[in-house]
Amino acid sequence: GQNIDQPTEMTATEGAIVQINCTYQTSGFNGLFWYQQHAGEAPTFLSYNVLDGLEEKGRFSSFLSRSKGYSYLLLKELQMKDSASYLCAVRLNDYKLSFGAGTTVTVRA
Amino acid sequence: SQTIHQWPATLVQPVGSPLSLECTVEGTSNPNLYWYRQAAGRGLQLLFYSVGIGQISSEVPQNLSASRPQDRQFILSSKKLLLSDSGFYLCAWNWASEQYFGPGTRLTVT
(Lines give C-alpha, C1' and ligand atoms only; values in the text may rest on other atoms or scores of the structure.)
Protein backbone atom coordinates (compact mmCIF):
# COMPACT_ATOMS: atom_id res chain seq x y z
CA GLY A 1 0.00 0.00 0.00
CA GLN A 2 0.87 3.66 -0.14
CA ASN A 3 1.90 5.60 2.96
CA ILE A 4 1.79 9.40 2.91
CA ASP A 5 2.12 11.26 6.20
CA GLN A 6 1.57 14.90 7.03
CA PRO A 7 0.70 16.68 10.30
CA THR A 8 -2.99 16.95 11.09
CA GLU A 9 -3.08 20.59 12.18
CA MET A 10 -0.88 23.68 12.31
CA THR A 11 -1.55 27.17 13.62
CA ALA A 12 0.35 30.33 12.73
CA THR A 13 0.03 34.10 12.99
CA GLU A 14 -0.83 36.42 10.12
CA GLY A 15 2.36 37.55 8.36
CA ALA A 16 4.39 34.58 9.62
CA ILE A 17 5.84 31.58 7.75
CA VAL A 18 4.59 28.00 8.05
CA GLN A 19 6.21 24.83 6.73
CA ILE A 20 4.07 21.76 6.13
CA ASN A 21 6.05 18.53 5.89
CA CYS A 22 5.07 15.44 3.94
CA THR A 23 6.86 12.07 3.99
CA TYR A 24 5.98 9.26 1.65
CA GLN A 25 6.61 5.58 1.00
CA THR A 26 4.91 4.52 -2.21
CA SER A 27 5.16 1.72 -4.75
CA GLY A 28 5.97 4.20 -7.51
CA PHE A 29 6.84 7.86 -7.88
CA ASN A 30 6.21 10.24 -10.74
CA GLY A 31 6.08 13.48 -8.85
CA LEU A 32 4.53 15.13 -5.83
CA PHE A 33 1.60 17.54 -5.79
CA TRP A 34 0.40 20.05 -3.25
CA TYR A 35 -3.22 21.19 -3.22
CA GLN A 36 -5.11 23.75 -1.18
CA GLN A 37 -8.66 22.96 -0.10
CA HIS A 38 -10.96 25.45 1.62
CA ALA A 39 -13.79 24.02 3.67
CA GLY A 40 -16.62 22.74 1.48
CA GLU A 41 -14.72 23.35 -1.76
CA ALA A 42 -12.75 21.26 -4.25
CA PRO A 43 -8.95 21.14 -4.00
CA THR A 44 -7.03 23.66 -6.10
CA PHE A 45 -3.62 22.93 -7.57
CA LEU A 46 -0.66 24.67 -5.90
CA SER A 47 2.52 22.97 -7.06
CA TYR A 48 4.12 19.94 -8.66
CA ASN A 49 7.68 18.70 -8.03
CA VAL A 50 9.24 15.84 -9.95
CA LEU A 51 12.94 16.71 -9.51
CA ASP A 52 14.79 17.39 -6.28
CA GLY A 53 14.97 20.97 -5.15
CA LEU A 54 12.89 24.01 -4.43
CA GLU A 55 10.13 25.43 -6.66
CA GLU A 56 8.95 28.94 -5.84
CA LYS A 57 5.62 30.46 -6.84
CA GLY A 58 5.00 33.79 -5.21
CA ARG A 59 4.31 33.31 -1.50
CA PHE A 60 4.27 29.52 -1.86
CA SER A 61 7.33 27.29 -2.30
CA SER A 62 7.59 23.51 -2.48
CA PHE A 63 10.63 21.34 -1.90
CA LEU A 64 11.31 17.71 -2.81
CA SER A 65 13.97 15.19 -1.80
CA ARG A 66 13.32 11.89 -3.58
CA SER A 67 16.10 10.03 -1.79
CA LYS A 68 14.55 10.91 1.57
CA GLY A 69 10.91 10.50 0.49
CA TYR A 70 10.26 13.99 1.77
CA SER A 71 8.61 17.19 0.65
CA TYR A 72 7.51 20.41 2.26
CA LEU A 73 5.23 23.29 1.36
CA LEU A 74 6.33 26.69 2.63
CA LEU A 75 3.77 29.43 3.00
CA LYS A 76 5.22 32.92 3.52
CA GLU A 77 3.60 36.18 4.61
CA LEU A 78 0.56 34.30 5.81
CA GLN A 79 -2.83 35.85 5.17
CA MET A 80 -6.17 35.00 6.76
CA LYS A 81 -7.35 33.56 3.43
CA ASP A 82 -4.57 30.94 3.67
CA SER A 83 -6.56 29.17 6.40
CA ALA A 84 -7.38 25.89 4.64
CA SER A 85 -6.45 22.24 4.38
CA TYR A 86 -3.26 21.45 2.44
CA LEU A 87 -3.06 18.08 0.72
CA CYS A 88 0.12 16.27 -0.26
CA ALA A 89 -0.29 13.73 -3.09
CA VAL A 90 2.14 11.38 -4.84
CA ARG A 91 1.66 10.57 -8.49
CA LEU A 92 2.16 6.86 -8.96
CA ASN A 93 3.50 5.15 -12.06
CA ASP A 94 0.14 4.98 -13.83
CA TYR A 95 -1.03 8.60 -13.43
CA LYS A 96 -2.99 7.89 -10.27
CA LEU A 97 -2.62 10.18 -7.27
CA SER A 98 -2.37 8.87 -3.73
CA PHE A 99 -3.26 11.52 -1.14
CA GLY A 100 -2.25 12.17 2.43
CA ALA A 101 -5.00 12.97 4.92
CA GLY A 102 -4.29 16.71 4.73
CA THR A 103 -2.99 19.39 7.11
CA THR A 104 -5.42 21.98 8.41
CA VAL A 105 -3.70 25.36 8.72
CA THR A 106 -5.33 28.02 10.87
CA VAL A 107 -4.07 31.58 10.51
CA ARG A 108 -4.72 33.84 13.52
CA ALA A 109 -4.67 37.62 13.57
CA SER B 1 -9.08 26.88 -21.64
CA GLN B 2 -10.04 23.61 -20.03
CA THR B 3 -13.09 23.43 -17.76
CA ILE B 4 -14.54 20.57 -15.77
CA HIS B 5 -18.20 20.41 -14.79
CA GLN B 6 -19.98 18.25 -12.24
CA TRP B 7 -23.64 17.97 -11.33
CA PRO B 8 -25.54 18.05 -9.22
CA ALA B 9 -23.71 20.17 -6.66
CA THR B 10 -25.55 18.62 -3.72
CA LEU B 11 -27.72 15.54 -3.40
CA VAL B 12 -29.68 13.92 -0.59
CA GLN B 13 -30.71 10.35 -1.29
CA PRO B 14 -32.32 7.59 0.84
CA VAL B 15 -30.52 4.33 1.52
CA GLY B 16 -31.18 1.81 -1.23
CA SER B 17 -31.87 4.39 -3.93
CA PRO B 18 -29.85 4.59 -7.19
CA LEU B 19 -27.21 7.20 -7.94
CA SER B 20 -25.88 8.87 -11.06
CA LEU B 21 -23.26 11.62 -10.95
CA GLU B 22 -21.99 13.19 -14.14
CA CYS B 23 -18.71 14.85 -15.02
CA THR B 24 -17.84 16.54 -18.30
CA VAL B 25 -14.66 18.20 -19.46
CA GLU B 26 -14.37 20.99 -22.03
CA GLY B 27 -11.38 22.28 -23.96
CA THR B 28 -9.38 19.08 -24.20
CA SER B 29 -9.53 15.71 -25.90
CA ASN B 30 -8.77 12.21 -24.67
CA PRO B 31 -8.15 13.28 -21.06
CA ASN B 32 -7.40 10.84 -18.25
CA LEU B 33 -10.41 11.11 -15.91
CA TYR B 34 -10.75 10.20 -12.24
CA TRP B 35 -13.42 9.84 -9.56
CA TYR B 36 -12.40 10.51 -5.96
CA ARG B 37 -14.39 10.45 -2.74
CA GLN B 38 -13.65 12.45 0.39
CA ALA B 39 -15.39 11.40 3.58
CA ALA B 40 -15.90 14.07 6.23
CA GLY B 41 -12.53 15.10 7.71
CA ARG B 42 -10.63 12.59 5.60
CA GLY B 43 -8.27 12.61 2.64
CA LEU B 44 -9.21 11.85 -0.95
CA GLN B 45 -9.72 8.22 -1.96
CA LEU B 46 -9.39 7.27 -5.63
CA LEU B 47 -12.42 5.26 -6.76
CA PHE B 48 -12.07 4.90 -10.54
CA TYR B 49 -9.94 6.17 -13.37
CA SER B 50 -10.22 6.04 -17.14
CA VAL B 51 -7.67 6.57 -19.89
CA GLY B 52 -10.19 6.41 -22.75
CA ILE B 53 -13.75 5.68 -23.88
CA GLY B 54 -15.04 2.46 -22.34
CA GLN B 55 -11.85 1.92 -20.32
CA ILE B 56 -12.45 1.90 -16.55
CA SER B 57 -10.11 0.84 -13.76
CA SER B 58 -11.54 0.29 -10.30
CA GLU B 59 -9.45 1.01 -7.24
CA VAL B 60 -11.78 0.04 -4.41
CA PRO B 61 -14.34 -2.79 -4.60
CA GLN B 62 -17.71 -1.46 -3.47
CA ASN B 63 -21.24 -0.91 -4.70
CA LEU B 64 -20.21 1.89 -7.06
CA SER B 65 -19.47 1.68 -10.78
CA ALA B 66 -18.21 4.08 -13.41
CA SER B 67 -18.68 4.47 -17.14
CA ARG B 68 -17.18 6.61 -19.87
CA PRO B 69 -19.64 6.70 -22.76
CA GLN B 70 -17.96 9.64 -24.50
CA ASP B 71 -14.44 11.02 -24.61
CA ARG B 72 -15.16 13.90 -22.24
CA GLN B 73 -17.90 12.37 -20.10
CA PHE B 74 -17.41 10.29 -16.95
CA ILE B 75 -20.32 8.90 -14.93
CA LEU B 76 -20.39 7.46 -11.40
CA SER B 77 -23.32 5.19 -10.56
CA SER B 78 -24.77 2.98 -7.91
CA LYS B 79 -27.79 0.68 -7.98
CA LYS B 80 -28.38 0.84 -4.22
CA LEU B 81 -26.79 3.47 -1.99
CA LEU B 82 -25.41 2.69 1.48
CA LEU B 83 -25.06 5.11 4.38
CA SER B 84 -21.28 4.80 4.00
CA ASP B 85 -21.51 6.24 0.47
CA SER B 86 -22.03 9.72 1.91
CA GLY B 87 -19.21 12.08 1.07
CA PHE B 88 -17.81 14.66 -1.30
CA TYR B 89 -17.36 13.21 -4.80
CA LEU B 90 -14.78 14.84 -7.01
CA CYS B 91 -14.08 14.33 -10.68
CA ALA B 92 -10.60 15.19 -11.91
CA TRP B 93 -8.75 15.28 -15.19
CA ASN B 94 -5.10 14.95 -15.95
CA TRP B 95 -3.15 17.05 -18.40
CA ALA B 96 0.60 16.49 -18.62
CA SER B 97 1.98 16.92 -15.11
CA GLU B 98 -1.07 18.52 -13.53
CA GLN B 99 -4.37 17.21 -12.21
CA TYR B 100 -7.38 19.48 -11.82
CA PHE B 101 -10.60 18.90 -9.91
CA GLY B 102 -14.19 19.72 -10.69
CA PRO B 103 -16.38 21.59 -8.17
CA GLY B 104 -17.60 18.34 -6.59
CA THR B 105 -20.92 16.80 -5.56
CA ARG B 106 -21.79 16.59 -1.88
CA LEU B 107 -23.85 13.41 -1.36
CA THR B 108 -25.75 12.70 1.84
CA VAL B 109 -27.34 9.28 2.16
CA THR B 110 -30.13 9.24 4.75
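Residues numbered from 1 in each chain as written. Chains lettered and ligands numbered in written order. Predicted model: local features only at pLDDT ≥ 70, side-chain atom pairs only at ≥ 80, totals over all residues. Heavy atoms only, no water.

**As for the overall build of chain A**
Phase 1 of the analysis: Within chain A, the secondary structure is distributed over 0 helices and 11 strands.
Phase 2 of the analysis: Ordered by position in the sequence, the α and β elements of chain A form the string β-β-β-β-β-β-β-β-β-β-β.
Phase 3 of the analysis: Principal-axis analysis of the C-alpha atoms places the extent of chain A at approximately 40 × 30 × 20 Å.
Phase 4 of the analysis: By the burial criterion, 50% of the 109 residues in chain A qualify as buried. (Helix = DSSP H or I, 4+ residues; strand = E, 2+ residues; numbered from the N terminus. Buried < 20%, exposed > 50% of the residue type's maximum accessible area, 1.4 Å probe, protein only.)

**Topic: the overall build of chain B**
Phase 1 of the analysis: What chain B contains, in helices and strands, is 0 helices and 11 strands.
Phase 2 of the analysis: Oriented by its inertia axes, the alpha-carbon framework of chain B measures out at about 40 × 25 × 20 Å.
Phase 3 of the analysis: Relative to its 110 residues, chain B shows a buried fraction of 47%.
Phase 4 of the analysis: Considering only contacts within chain B whose residues lie at least 6 apart along the sequence, 53% involve residues at least 24 apart.
Phase 5 of the analysis: For chain B, the accessible surface area stands at approximately 5,200 Å², while carbon and sulfur atoms represent 53% of it.
Phase 6 of the analysis: Distance between charge centroids for chain B: 10 Å, based on 7 positive and 6 negative side chains. (Contact = heavy atoms within 4.5 Å. Areas by Shrake-Rupley, 256 points an atom, 1.4 Å probe, with all protein chains shown as cover. Lys, Arg positive; Asp, Glu negative; His and termini not counted. Charge placed at Lys NZ, Arg CZ, Asp CG, Glu CD.)

**A look at the pairing of strand 4 (residues 32-38) of chain B**
Residue and element names in this part refer to chain B.
Phase 1 of the analysis: Taken across its 7 residues, strand 4 has 7 buried, putting it largely inside the fold.
Phase 2 of the analysis: Because side chains alternate across strand 4, one face comprises the buried residues Asn-32, Tyr-34, Tyr-36 and Gln-38, and the other comprises Leu-33, Trp-35 and Arg-37, equally buried.
Phase 3 of the analysis: Of the pairings in the sheet, the one linking strand 4 to strand 9 (residues 87-95) comprises 7 bridges and is antiparallel in character. Across the sheet, Leu-33 pairs through a bridge with Trp-93, a residue of strand 9.
Phase 4 of the analysis: Pairing between strand 4 and strand 5 (residues 44-52): 6 bridges, direction antiparallel. Note that in strand 5 the partner of Tyr-34 across the bridge is Tyr-49. (Pairing = 2+ DSSP bridges.)

**Notes on the state of the cysteines**
Phase 1 of the analysis: Considering all chains together, one arrives at 2 disulfides over all chains under this definition.
Phase 2 of the analysis: At a sulfur-sulfur separation of 2.0 Å, the disulfide partner of Cys-22 of chain A is Cys-88 of chain A. Of note, the bridge from Cys-22 of chain A to Cys-88 of chain A carries an S-S torsion of about -65° and is left-handed in sense. One end of the pair, Cys-22 of chain A, is in strand 3 (residues 18-25); the other, Cys-88 of chain A, is in strand 9 (residues 84-91), and 66 residues separate them in sequence. For the pair Cys-22 of chain A and Cys-88 of chain A, one class covers both residues: buried.
Phase 3 of the analysis: Here Cys-23 of chain B engages in a disulfide with Cys-91 of chain B; their sulfurs sit 2.0 Å apart. Across the S-S bond linking Cys-23 of chain B and Cys-91 of chain B, the dihedral sits near -70°, which makes this disulfide left-handed. You can see Cys-23 of chain B sitting in strand 3 (residues 19-26) and its partner Cys-91 of chain B sitting in strand 9, a full 68 residues away along the chain. (Disulfide = S-S within 2.5 Å.)

**A short note on the interface of chain B and chain A**
Reports of interface size often rely on the accessible area that becomes lost once the parts have come together.
Phase 1 of the analysis: Between chain B and chain A, the contact holds 22 residues from the first and 18 residues from the second.
Phase 2 of the analysis: Taken over both partners, the interface formed by chain B and chain A buries close to 1,500 Å², and the fraction arising from carbon and sulfur atoms is 57%.
Phase 3 of the analysis: Per-residue buried area on chain B facing chain A is highest for Leu-44, Ser-97 and Phe-101 of chain B; these three make up 29% of the total on that side.
Phase 4 of the analysis: For the interface between chain B and chain A, the tally reads 1 salt bridge.
Phase 5 of the analysis: A salt bridge links Glu-59 of chain B to Lys-96 of chain A; its shortest N-O distance comes to 3.1 Å.
Phase 6 of the analysis: Where chain B packs against chain A, one counts 3 residue pairs in polar contact (both at pLDDT 80 or more).
Phase 7 of the analysis: Those elements that provide at least two residues to the side of chain B that touches chain A are strand 4, strand 5, strand 9 and strand 10 (98-101) of chain B.
Phase 8 of the analysis: Residue composition of the side of chain B that touches chain A, grouped by class: 11 nonpolar, 7 polar and 4 charged. (Buried area = accessible area lost by both parts, 1.4 Å probe. Salt bridge = Lys/Arg side-chain N within 4 Å of Asp/Glu carboxyl O. Polar contact = N/O pair within 3.5 Å; in protein donor to acceptor, adjacent residues only side chain to side chain. Nonpolar A, V, L, I, M, F, W, Y, C, P; charged D, E, K, R; others polar.)

**What about the packing of aromatic side chains?**
Phase 1 of the analysis: With the rule as written, the count across this model stands at 18 aromatic pairs over all chains.
Phase 2 of the analysis: Consider the rings of Tyr-35 of chain A and Phe-45 of chain A, whose centres lie 6.1 Å apart with planes at 75°: the pair is edge-to-face. Highlighted residues: Tyr-35 of chain A in strand 4 (residues 32-37) and Phe-45 of chain A in strand 5 (residues 44-49), separated in sequence by 10 residues.
Phase 3 of the analysis: With a relative accessible area of 1%, Tyr-35 of chain A lands in the buried category.
Phase 4 of the analysis: Here the aromatic residues Phe-33, Tyr-35, Phe-45, Tyr-48 and Phe-99 of chain A together with Tyr-34, Tyr-36, Tyr-49, Trp-93, Tyr-100 and Phe-101 of chain B are joined through ring pairs into a cluster of three or more.
Phase 5 of the analysis: When the ring centre of Phe-88 of chain B is taken as origin, the NZ or CZ atom of Arg-106 of chain B, which lies over that ring, is 4.2 Å away. (Phe/Tyr/Trp six-rings, centres within 6.5 Å; stacked < 30°, edge-to-face > 60°. Lys NZ or Arg CZ within 6 Å of the ring centre and 35° of its normal.)

By themselves, these are just geometric observations and shouldn't be taken as functional.
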